[in-house]
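Architecture at a glance
Letter by letter, the chains look like this.
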Amino acid sequence: MSFFKILQIPAVYLLWQKAFRKQKLQPFLEATSSAPFDRILDIGCGPGVNFLSLPSSCTYIGVDISAEYIKHASLRYSSGQFLVGDATQLPLNIGKFDCILINSLCHHLDDQACCAVVSEAIQHLSSDGHIHILEPILPNSFSVAGLLAVMDRGRFIRKEDEWRRLLEPLLTTEHYSTNFLKVLRIKCYHMFYFRGRPR
Ligand SMILES: C[S@@+](CC[C@H](N)C(=O)[O-])C[C@H]1O[C@@H](n2cnc3c(N)ncnc32)[C@H](O)[C@@H]1O
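Sequence order as written defines residue numbering, which begins from 1 separately in each chain. In keeping with the model being predicted, local features are shown solely for residues with a pLDDT of at least 70 and side-chain atom pairs are shown and tallied solely at 80 or more, while totals for entire chains, interfaces and linings include all residues.

Below, the discussion takes up the overall build of the chain. Secondary structure elements are taken from DSSP: a helix is a run of H or I of four residues or more, a strand is a run of E of two residues or more, and numbering for both begins at the N terminus. In terms of regular secondary structure, the chain is built from six helices and seven strands. The order of α-helices and β-strands along the chain, N terminus first, is α-α-β-β-α-β-β-α-β-α-α-β-β. Taken against the 2.2 N^0.38 rule, which gives 16 Å for 199 residues, the C-alpha radius of gyration of the chain at 16 Å falls within 12% of a compact globule. Once the C-alpha set of the chain is aligned to its principal axes, its extents read approximately 45 × 40 × 30 Å. Comment: burial labels come from other C-beta atoms within 10 Å of the residue's own C-beta, placed from the backbone, where a count of 20 or more is buried, 12 or fewer is exposed, and between is partly exposed. The burial tally for the chain puts 37% of its 199 residues in the buried class. Both definitions apply: the radius of gyration is a C-alpha atom measure, and the globule rule equals 2.2 Å times residues to the power 0.38.

Structural data, given as structure tokens:
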């Protein structure tokens, strides 16, 4: 089993994410601090990594394809609702959400599946809601971030212009920014944060 494969074990993934979880979610938390939400759908929620950082006042539903991750999250975080499901075909009966978070899912999916996920998100977005996407960027030049991107479990880490080409036909951009996730000042992941609405 390669190092990145062992991240499929929920406890190992949570440990690995300890270094990055807060940095990764920071732009989303900053954006939503001045525009709070009531109901959040966390698509590709993993073992509940994001749940820890969200306001306890919101209603939370997380969906992930991994039964093992969902079992782990359900046992740990009883105030959230965690469902096993495919993000390209979300369960119909989960209702609408004013906040939809897609954090580090799309780099596991090819273009077609990625578009299907965003289309599903749009179907479940309330009229005043926003879709928030955080994903890693493939750097143009050799770097630690480039090396980690190539070694990642997700086979579809895209360059910045490829992400834009994928998302812009579906969503209007209200905010776009990038940042580096660092450990000991080493730039490990180049990430973007996108907030938008359906076209
Ligand atoms: C890198 S993890 C991200 C987990 C969490 N969102 C985070 O930020 O740490 C990617 C997640 O996407 C899930 N996933 C991959 N394909 C999926 C699909 N088609 N539907 C739902 N979840 C999927 C994986 O099981 C995994 O939990």
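We are not done yet, so read on.
Of all hydrophobic cores here, the largest spans 44 residues; its most connected members are I43, I100, I102 and V117. Contact definition: two residues whose C-beta atoms, as placed from backbone geometry, lie within 7 Å. What I100 contacts, discounting residues up to four positions off in sequence, is L41, I43, A121, H124, L125, G129, I131 and H132. In these notes, a nonpolar core means any group of buried Ala, Val, Leu, Ile, Met, Phe, Trp, Tyr and Cys residues linked to one another through C-beta atoms within 7 Å.

Another point: the site of the ligand. Near residues are defined by distance alone, with the backbone-placed C-beta atom required to lie within 6 Å of the molecule or strand. Near the ligand lie 17 residues; those nearest to it are G44, G46, I65, A87 and N103. The nonpolar class holds Ala, Val, Leu, Ile, Met, Phe, Trp, Tyr, Cys and Pro. Asp, Glu, Lys and Arg form the charged class, and all remaining residues, Gly among them, are polar. Taken together, the residues of the shell around the ligand break down into six nonpolar, nine polar and two charged.

Across a sheet, strands are paired by hydrogen bonds formed along the backbone, either parallel or antiparallel in direction. We treat two strands as partners when DSSP finds at least two bridges between them. Taken together, seven strands build an open sheet; the order of strands is β3-β2-β1-β4-β5-β7-β6 and the sheet is mixed. The outermost strands of the open sheet, each flanked by one partner alone, are β3 (81-84) and β6 (171-183). If you compare each strand with its neighbour and ignore which way they point, the axes differ by 20° on average. Of the pairings in the sheet, the one linking strand β1 (residues 39-43) to strand β4 (residues 97-103) comprises four bridges and is parallel in character. Its bridge partner being in β4, I40 is matched across the sheet by C99. Angles run from 0 to 180 degrees between N-to-C directions of axes, and those axes are lines fitted to C-alpha atoms, restricted for helices to the stretch in contact. Contacts from helix α6 (residues 160-167) reach β5 (125-137), β6 and β7 (186-198), with the element oriented near 155° to β5.

Burial runs high along β1: four of the five residues are buried. Here β1 runs beside strand β2 (residues 59-64); their pairing, made up of five bridges, is parallel. Bridge assignment links I40 to a residue of β2, and that residue is Y60.

Moving on: the environment of I61. When you line up the elements, I61 lands in strand β2. By C-beta crowding, I61 is classed as buried, having 21 other C-beta atoms within 10 Å. Residues I61 and E160 lie 99 residues apart in sequence; the distance between their C-alpha atoms is 29 Å. Beyond its immediate stretch of four places on either side in the chain, I61 contacts L41, Q81, L83 and I94.

Here four bridges tie β2 to β3, and the two strands are oriented parallel to one another. By the bridge assignment for β3, V63 is matched with L83. At this point the chain moves from β2, through helix α3 (residues 67-76), to the parallel β3, and the crossover so formed is right-handed. Clockwise travel from the first strand over the helix to the second, with the strands pointing away from the viewer, marks a crossover as right-handed.

Attention now goes to helix α2 (residues 21-33). Between the first and last C-alpha of α2 there are 17 Å, a value that for 13 residues agrees with the 18 Å anticipated at 1.5 Å per step. What is called the bend at a residue is the angle between a pair of axes, fitted to the seven residues leading up to and ending at it and to the seven starting from it. At P27, α2 shows its maximal kink, close to 40°. In this fold, the buried residues of α2 make contact with β4, β5, β6 and β7. In this analysis, the expected span of each helix is defined as 1.5 Å times one less than the number of residues it contains.

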